[in-house]
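Close look at the chain arrangement
One letter stands for each residue in the lines below.
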Amino acid sequence: MTTLGLIGLGRIGAFHAETLTNLPEVSGLVITDERPEVVSEVAAKYGATPAESVDKLLASGVDGVVVAAATPAHAELTLAAVERGLPTFCEKPIASSAAESARMAELIVRSGVPVQVGYQRRFDAAFAAVKQAVDNGSLGALTTVRSTTMDPAPPAMDYIKGSGGIFRDCAVHDFDVIRWITGQNVVEVYATGSVQGDPLFTEYGDVDTAAVVARFDGGALGVVSAARYNGRGYDCRLEVHGFDDTVVAGWDQGAPVRNVDPANTGPSGFPSGTPHHFFMDRFTDAFRAELGAFVNVVRGGPIQGATVADAVEVAWIAEAATESLRRGVPVSIESVRKEAQK
């Protein structure tokens, strides 16, 4: 059996606490957070062992660590676990910038300690089926991949202030999945966006609605849409078009769209289910599979999810998109890499 440590008990951390507690392979869970009252509450709810600090958690004899703290702490906490030789699962991103992510990756690779990064869409059954269709060649040469992420409402503005912007916080999931699905690398992006909701987005140098066109090294084009206001629900869909076929993921009965086609409306129409409300209910099974795969990593198995190398490539795409939004021109991935090296 496996004992894991969980650092951070915010929105996603508390959700992971429940998921980890219910994994049959996990025999014990040690938790910590900057807020002692939250640690006590979560420990009582799930039967976890509280730790007074990160250092005490890392020294408690855990077999692996899940980092789910706030984004600015990811790099420091992940390296602290790696330095102790503990296999680590880090929620995205692994660092606050692409350059820092690249430096992190170098240290992690030299350590030889496995680190898995939290991009759960890779473990969703529909997304995995799209990946299989691409890999087996049934779509032919790829032409376009479209990925959409729209939240029903933005998170707290204090979170937005430190998130790094919509491309680093939200659209990174799209950037990861389009790389993974196509098996191609993004070489250039053009990004645009607007603020139509809370004016604090503008004050923080962010947008609440964004679109990115990405050009891949294999010739395909990617189109990413992200938005913080989508009142009908949490919308996460993927379309992959090839010369021979087209496949989609996310077009299930809970897709948060209202179909106005007269032939497909009403109780028997599509979609007929309750719209997905939030990413945690949309991807509950994927999160469970992802953390289950991490337990296998802790036990010596290979990383089946995103690696730190994947996370670095995604960070460069987010960096280029952020720069493109600022300048209003296409930006190559190579140019932001070179700029970071100055």
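Structural data are supplied above this passage.
In this report, the structure presented in the accompanying data block is examined. (Residues numbered from 1 in each chain as written. Predicted model: local features only at pLDDT ≥ 70, side-chain atom pairs only at ≥ 80, totals over all residues. Heavy atoms only, no water.)

What follows is about the packing of helix H13 (residues 308–327) against helix H14 (residues 333–341). Put simply, H13 and H14 touch, their axes get as near as 9 Å, and they point 95° apart. Relative to H14, the element H13 is oriented roughly perpendicular. The segment H13 lies against H14, with Glu 313, Trp 316, Ile 317, Glu 319 and Ala 320 engaging Ile 333, Val 336, Arg 337 and Ala 340. Class assignment of the residues belonging to the contact of H13 with H14 gives a composition of six nonpolar, no polar and three charged. (Axes fitted to C-alpha atoms, helices over the stretch in contact; angles between N-to-C directions. Helix = DSSP H or I, 4+ residues; strand = E, 2+ residues; numbered from the N terminus. Parallel < 35°, antiparallel > 145°, perpendicular 65-115°, else oblique. Contact = heavy atoms within 4.5 Å. Nonpolar A, V, L, I, M, F, W, Y, C, P; charged D, E, K, R; others polar.)

Where strand E7 (residues 142–150) meets strand E11 (residues 235–242), eight bridges bridge the pair, whose relative direction is antiparallel. Of the residues in E11, the one forming a bridge with Thr 144 is His 241. Where E7 and strand E10 (residues 221–227) come together, seven bridges link them in parallel fashion. What sits directly across from Thr 148, in E10, is Ser 225. (Pairing = 2+ DSSP bridges.)

Turning our attention to the side chain of Thr 71. Among the structural elements, Thr 71 can be located in the loop between strand E4 (64–67) and helix H4 (74–83). Taking relative accessible area as the criterion, Thr 71 reaches 14% and is therefore assigned buried. (Buried < 20%, exposed > 50% of the residue type's maximum accessible area, 1.4 Å probe, protein only.)

For the rest of this paragraph, the subject is the pattern of salt bridges. Across all of its chains, the model carries 18 salt bridges by this definition. In this structure, the salt-bridge partner of Asp 33 is Arg 35, at a minimum N-O distance of 2.8 Å. Note on Asp 33: relative accessible area 17%, which makes it buried. Salt-bridge contacts for Asp 310 lead to Arg 179; the nearest nitrogen and oxygen are separated by 3.5 Å. Of the two residues, Asp 310 sits in helix H13 while Arg 179 sits in helix H9 (residues 172–182), which places them 131 residues apart along the sequence. Each member of the pair, Asp 310 as well as Arg 179, carries the same accessibility label: buried. Here the salt bridges share partners, and the residues they tie into one network are Lys 92, Asp 151, Asp 169 and Arg 228. (Salt bridge = Lys/Arg side-chain N within 4 Å of Asp/Glu carboxyl O.)

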